[in-house]
Amino acid sequence: MKMVEISNGVYSLRVNHFNRKLFDALIPLPDGTSYNAYLLMGTKHTVLLDTADPEKKDLFLDYLKDINKIDFVVAHHAEQDHSGLIPVVLDKYPQCKVLTNEKCADLLKTHLHIKDDRIVLIKDGEKMDIGGKTLEFVFIPWVHWPETFATYLHEDRILFPCDFFGSHLATDEVYSTPEMVYEPMKRYYAEIMMPFSANIKSNLEKISKFEIKTICPSHGPIHNNVNFPIDCYKKWSFGELENKVSVLYVSMHNSTYMMVDRLISKLNDYGVMVEKLNLEDADLGRVAMSLVDSKTVVIATPTVLGGPHPKAIYAAYLFSLLRPRTKNLAVMFSYGWGGKTVEFLSGVLSNSKAELIGQVGIKGMPNDDAYKLIDTLAREISEKHLKVGAANK
Ligand code: FEO
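Residues numbered from 1 in each chain as written. Predicted model: local features only at pLDDT ≥ 70, side-chain atom pairs only at ≥ 80, totals over all residues. Heavy atoms only, no water.

## Side note on the domain arrangement of the chain
Next up, step 1: Looking at the chain, the domain boundaries give domain 1 (4-238) and domain 2 (246-385).
Next up, step 2: Computed over C-alpha atoms, the centres of domain 1 and domain 2 are 38 Å apart.
Next up, step 3: Facing the 17 residues of domain 1 at the interface are 16 residues of domain 2.
Next up, step 4: Counting each side, the surface lost to burial between domain 1 and domain 2 is near 1400 Å², with a carbon and sulfur contribution of 60%.
Next up, step 5: Counting every contact that joins domain 1 to domain 2 gives 3 salt bridges.
Next up, step 6: The salt bridge involving Asp293 is made with Lys186; its shortest N-O contact spans 2.7 Å.
Next up, step 7: There are 7 residue pairs in polar contact (both at pLDDT 80 or more) connecting domain 1 and domain 2.
Next up, step 8: Those elements that place two or more of their residues in the side of domain 1 that touches domain 2 are strand S4 (27-28), helix H5 (178-193) and helix H7 (227-238).
Next up, step 9: Tallying contributions element by element places H5 first for the side of domain 1 that touches domain 2, with 6 residues. (Domains from an automatic or database assignment. Contact = heavy atoms within 4.5 Å. Buried area = accessible area lost by both parts, 1.4 Å probe. Salt bridge = Lys/Arg side-chain N within 4 Å of Asp/Glu carboxyl O. Polar contact = N/O pair within 3.5 Å; in protein donor to acceptor, adjacent residues only side chain to side chain. Helix = DSSP H or I, 4+ residues; strand = E, 2+ residues; numbered from the N terminus.)

What follows is the structure in structure tokens.
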């Protein structure tokens, strides 16, 4: 494969994974993904930034077939989709050293068995002259591992932020457009970045000192319209939440569905947007994306063997793990003769900072009295949504 020169002596080595089905064996990838490495040719040193997932070893090595010398490989992040081929690079280039920080070095030693004598440690803010090109290393921890850092290339005004601003998109287009990248970037953000929104805010502040012309992430296309991904990240990590309710539901004999239908109808009457996701066959990436900007989440489930349907428990656990900024939570459930649905879900959701503002349990098929309870829940949700300024602080 041929490297793409994106600036003088700066090359993109993108490996597309068009048919990858899941990321982290969890989130579906309707548009595939990519693993992006970059090669910097200074007059003194040749530097490789990251590698690719070992599953794509042959494609990655094809990029390097005519490269006779690599002095350093920068490991921004120890996760194997970027670091996994570092041992192969070290074998191919015996003089090559890994440039990384202390935390990442520790992970590379334990996960990839890289030896100490192949590692050179860098510090936050340290600069390196590779001959006509000045690299500055900037630690941006918890996007999404504790060791991650970025490299800023001063002369070319390029930021290489690793996973930060990445998108799950396999494409041969070198540069992103907002239309192309919005959904794949949000899908990426929802699973990988959302649990760390506070860290994202501080890391956005940290990189704001640089004049950035181009962002070269480690997944998806390159951004030369840099305001678009930065503004998306600002909105998703600390911007105003939408006047939106995510309704995550599963129904067995239609009672729960009837409750959901009534709630949505009333919420719409109050001018509240709703994203309805049937957990029976929902794309978990779509569920995660919905959580990014919803002010309220409602989980609706039938009672199965005394508790919530397993798919509802799964959704609640995902919610708990992804830590969305959702302000309000509500539970609706149907039952035949009893059960501990709310107790189960409350346990799974106990780490959430969202307020449990309502729980509606209906025996059997909903009747007029049941609908009144649901209407009350819809009104309470809409009232919470009207308090926009307070709800977003
Ligand atoms: Fe793309 Fe966290 O690795």
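## Focus: helix H11 (residues 341-348)
Next up, step 1: Taken as a whole, H11 has its buried residues at Thr341, Val342 and Leu345. Seen along its axis, H11 keeps its buried residues to an arc of 90°; they face one direction.
Next up, step 2: Tucked into the core, H11 has its buried residues touching strand S17 (294-304), strand S18 (307-308), helix H10 (310-322), strand S19 (328-335) and strand S20 (355-363). (Buried < 20%, exposed > 50% of the residue type's maximum accessible area, 1.4 Å probe, protein only. Arc of directions from axis to C-beta.)

## Examining the nonpolar core
Next up, step 1: Core analysis: the largest hydrophobic core is formed by 55 residues, its most contacted members being Phe164, Met193, Ile207 and Tyr233.
Next up, step 2: Considering every element that reaches this core, the biggest residue donor is H5, with 7 residues.
Next up, step 3: Composition of this core by domain shows at least three residues from each of domain 1 (4-238) and domain 2 (246-385).
Next up, step 4: Residues contacting Ile207, with those up to four places away along its chain left out, are Ile140, Leu159, Phe164, Phe165 and Ile212.
Next up, step 5: Residues Tyr63, Ala78, Cys104 and Ile114 belong to the second largest nonpolar core, which totals 31 residues. (Core = buried A, V, L, I, M, F, W, Y, C linked by side-chain atoms within 4.5 Å.)

## Overview of the pattern of salt bridges
Next up, step 1: Evaluation of the coordinates by the stated rule reveals 19 salt bridges.
Next up, step 2: Two residues, Lys384 and Glu355, come together in a salt bridge whose shortest N-O distance is 3.2 Å. With Lys384 in helix H12 (residues 368-386) and Glu355 in strand S20, this residue pair connects regions lying 29 residues apart in the sequence.
Next up, step 3: Of the residues examined, Glu355 reaches a relative accessible area of 41% and is grouped as partly exposed.
Next up, step 4: Among the charged side chains, a network of salt bridges with common partners joins Lys186, Lys244, Glu275 and Asp293.

## Overview of the sheet that holds strand S11 (residues 134-139)
Neighbouring strands of a sheet are bound in pairs by backbone hydrogen bonds; such pairs are parallel or else antiparallel.
Next up, step 1: Here we have 5 strands laid out as an open sheet, ordered S10-S11-S12-S13-S14, and mixed in their pairing. Here the strands that pair on one side only, and so sit at the sheet edges, are strand S10 (127-129) and strand S14 (214-217). Here the average twist between neighbouring strands, direction ignored, is 20°.
Next up, step 2: Pairing geometry for strand S13 (residues 158-162) and S14, over 3 bridges, is parallel. Looking at the pairing, Cys162 lines up with Pro217 of S14. (Pairing = 2+ DSSP bridges. Axes fitted to C-alpha atoms, helices over the stretch in contact; angles between N-to-C directions.)

## Concerning the side chain of Thr148
Next up, step 1: Tracing the chain through its elements places Thr148 in the loop between S11 and strand S12 (149-153).
Next up, step 2: A polar contact is formed between the side chain of Thr148 and the side chain of Glu147, at a distance of 3.4 Å.
Next up, step 3: Filtering out sequence-adjacent residues up to four positions away, Thr148 remains in contact with His76, His77, Phe139, Ile140, Pro141, Val143 and Cys162.

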